[in-house]
Amino acid sequence: MPCFGCDCPACNRARVFTSLTRRPCSAEVRIDGKRYLLDAGRMDLAHSCELERPTAILITHYHADHVQGLFHLRWGCGERIPVYGPKDPQGCADLYRNPGILDFQSGLKPFKPLKLDSLTVTPVPLNHSKPTLGYCLDDGGTRLAYLTDTLGLPPETERFLRSWEPDVVILDSSHPAAFTTPRNHNTITQALDIIARLNPPRAYLTHISHELDAECLAVPPPLPPKVRITQDGETLEDWDRLSGKVAASASPSIQGRR
């Protein structure tokens, strides 16, 4: 956002206030001085990684808006960067055939934990048109579930999350409540219903469309106090700062897009 050719209030506002633009949905986590990327849709990814090389990249799925930054990054130099993701024989274009410095790992098995130094990553299946995983991250102090792109949750994923009890849920909420034919992504109503069932201490809505932003401008949704609609560049510590709280130094830092 702004969406090309659209003159809705949300897109026009984003053209004036660049801080309200939305770029491809992605995030990053820093733990023990190491940087882990969640998806790679940012077109400035190569520049970002030149400033701070990631320890690993976790891909939710191989739609272009979640991996397009890899096409520039792969022709870089230096040590190879491990890339983890779902089992998808097709992937995206020729990334598998010409990976460059990207070290694509075997497809992750749902619910089988992956240990990355002090971070434990448990992949969970999501409902999407391509093989898609959400990621449950645990550094021994905070549990965070990153769940995009999805329409609802598979029953086995919801059962796992209820028993796992995340401290933070970051959930797909692309469509406005008025959207009647959701496909691949939640409406805000569906997302809030999922959050109510999981009942985490706090939750973020992500993968926001310009239609949802426009609806929120016209009729602000009654969000529970523990739920926020994210903005580009927001971090978990922003929530604590806005709430007048001090972020715990042991908490992982996650910075998201869209």
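Residues numbered from 1 in each chain as written. Predicted model: local features only at pLDDT ≥ 70, side-chain atom pairs only at ≥ 80, totals over all residues. Heavy atoms only, no water.

1. Description of the overall build of the protein chain
- When its secondary structure is counted, the protein chain shows 8 helices and 13 strands.
- Taking 18 Å as the expected radius of gyration for a compact globule of 258 residues, we find that the protein chain reaches 18 Å, a close match to that expectation.
- Across the 258 residues that make up the protein chain, the buried fraction comes to 53%.
- For the protein chain, restricting intrachain contacts to residue pairs at least 6 apart in sequence, the fraction spanning at least 24 positions comes to 57%.
- Taken as a whole, the protein chain presents about 11,900 Å² of accessible surface, with 55% of it coming from carbon and sulfur.
- Of the charged side chains in the protein chain, 29 are positive and 30 negative, and the gap between their average positions amounts to 2 Å. (Helix = DSSP H or I, 4+ residues; strand = E, 2+ residues; numbered from the N terminus. Rg over C-alpha atoms; globule rule 2.2 N^0.38 Å. Buried < 20%, exposed > 50% of the residue type's maximum accessible area, 1.4 Å probe, protein only. Contact = heavy atoms within 4.5 Å. Areas by Shrake-Rupley, 256 points an atom, 1.4 Å probe, with all protein chains shown as cover. Lys, Arg positive; Asp, Glu negative; His and termini not counted. Charge placed at Lys NZ, Arg CZ, Asp CG, Glu CD.)

2. Quick word on the pattern of salt bridges
- A complete count under the given rule lists 15 salt bridges for this structure.
- Among the ionic pairs, Arg35 bridges to Glu28, the shortest N-O distance being 2.9 Å. For the pair formed by Arg35 and Glu28, the shared burial category is buried.
- Its salt-bridge partner being Glu28, residue Arg42 comes within 3.9 Å of it at the nearest N-O pair. One end of the pair, Arg42, is in the loop between β2 (34–38) and α2 (45–51); the other, Glu28, is in strand β1 (residues 26–31), and 14 residues separate them in sequence. (Salt bridge = Lys/Arg side-chain N within 4 Å of Asp/Glu carboxyl O.)

3. Things to note about the packing of aromatic side chains
- Under the counting rule described, the total for this entry stands at 5 aromatic pairs.
- Aromatic pair Tyr62 and Phe104: ring centres 6.5 Å apart, planes at 50°, arrangement tilted. Here Tyr62, found in the loop between β3 (56–58) and α3 (64–67), pairs with Phe104, found in strand β5 (residues 102–104); they are 42 residues apart in sequence, far enough to count as distant.
- Between the aromatic rings of Tyr96 and Phe104, the centroid separation amounts to 5.4 Å while the plane-to-plane angle is 75°, which identifies the pairing as edge-to-face.
- A network of ring pairs unites the aromatic residues Tyr62, Tyr96 and Phe104 as a single cluster. (Phe/Tyr/Trp six-rings, centres within 6.5 Å; stacked < 30°, edge-to-face > 60°.)

4. Thoughts on the nonpolar core
- Residues Leu147, Leu161 and Leu205 are the most contacted members of the largest nonpolar core, which totals 24 residues.
- It is helix α6 (residues 188–198) that provides the largest number of residues to this core, a total of 6 residues. (Core = buried A, V, L, I, M, F, W, Y, C linked by side-chain atoms within 4.5 Å.)

5. A look at the pairing of strand β7 (residues 119–125)
- With 6 of 7 residues buried, β7 is to be regarded as a mostly interior element.
- In this structure, strand β6 (residues 114–116) lies alongside β7, joined through 3 bridges in antiparallel fashion. Paired with Leu116 across the two strands is Leu119, which belongs to β7.
- Here β6 folds back onto β7, and the loop between the two strands holds 2 residues, one of which, Asp117, carries a positive phi near 55°. (Pairing = 2+ DSSP bridges.)

6. Quick word on the sheet that holds strand β10 (residues 168–172)
- Taken together, 7 strands build an open sheet; the order of strands is β6-β7-β8-β9-β10-β11-β12 and the sheet is mixed. The open sheet terminates on both sides in strands that have one partner only, identified here as β6 and β12 (227–229). For this sheet, the mean angle separating the axes of adjacent strands, direction not counted, is 20°.
- Relative to β10, strand β9 (residues 143–147) is paired through 4 bridges, and the arrangement is parallel. When the bridges of β10 are listed, Ala145 appears paired with Val169. (Axes fitted to C-alpha atoms, helices over the stretch in contact; angles between N-to-C directions.)

7. Examining the environment of Leu114
- Considering the arrangement of structural elements, one finds Leu114 in strand β6.
- Residue Leu114 is classed as buried on the basis of its relative accessible area of 16%.
- Not counting the four nearest positions on each side in its chain, Leu114 is found in contact with Leu58, Tyr84, Leu108, Leu119, Thr120 and Val121.

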